[in-house]
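Inside the fold
This is what each chain is made of:
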Amino acid sequence: MATQILIVILLVGVAVALLGVKVFFVKGGRFPNTHIHGNPEMRKRGITCAKDEEFYK
């Protein structure tokens, strides 16, 4: 049981490290903004997030 937990923790750690390669090793690297309000094409078309629409009403 303990070995399985250690293996899972190791795999999760490797996954986080691989997802953050650009952030950790590139100067000025950031995670990509995948939210609707961060996409200029969506804003140009007038598409907004439902959560934002509820907030501003």
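Residues numbered from 1 in each chain as written. Predicted model: local features only at pLDDT ≥ 70, side-chain atom pairs only at ≥ 80, totals over all residues. Heavy atoms only, no water.

1. Description of the overall build of the chain
Scanning the chain from terminus to terminus reveals four helices and zero strands. N-terminal to C-terminal, the α/β element order of the chain is α-α-α-α. Looking at the chain as a whole, 5% of its 57 residues qualify as buried. When the accessible surface of the chain is summed, it comes to about 5,600 Å², and 68% of that surface belongs to carbon and sulfur atoms. (Helix = DSSP H or I, 4+ residues; strand = E, 2+ residues; numbered from the N terminus. Buried < 20%, exposed > 50% of the residue type's maximum accessible area, 1.4 Å probe, protein only. Areas by Shrake-Rupley, 256 points an atom, 1.4 Å probe, with all protein chains shown as cover.)

2. Notes on the pattern of salt bridges
Taken as a whole and judged by the stated rule, the model has two salt bridges. Residues Lys44 and Glu41 are paired through a salt bridge, measuring 3.4 Å at the closest nitrogen-oxygen approach. With Lys44 and Glu41 both in helix H3 (residues 40–44) and three residues apart, this pair spans about one turn of that helix. Measuring nitrogen to oxygen at the nearest pair gives 3.2 Å for the salt bridge that ties Arg45 to Glu41. Connected through shared salt-bridge partners, Glu41, Lys44 and Arg45 make up one network. (Salt bridge = Lys/Arg side-chain N within 4 Å of Asp/Glu carboxyl O.)

3. Considerations on a nonpolar patch on the surface
Nonpolar side chains collect at one region of the surface, where Leu10, Val14, Leu18, Val21, Phe24, Phe25 and Val26 lie side by side and expose about 740 Å² of accessible area between them. If you list the elements that add at least two residues to the nonpolar patch, you get helix H1 (2–19) and helix H2 (21–25). Its place among the elements puts Phe24 in helix H2. Residue Phe24 is classed as exposed on the basis of its relative accessible area, which comes to 54%. (Patch = residues over 30% accessible without salt bridge, like charges linked within 9 Å, V, L, I, M, F, W, Y side chains within 5 Å.)

4. A short note on H1
Helix length check: H1 (18 residues) gives 26 Å between terminal C-alpha atoms against 26 Å at 1.5 Å per residue, within 8%. Across the 18 residues that make up H1, only a small minority, zero, are buried. (Expected span 1.5 Å × (residues − 1).)

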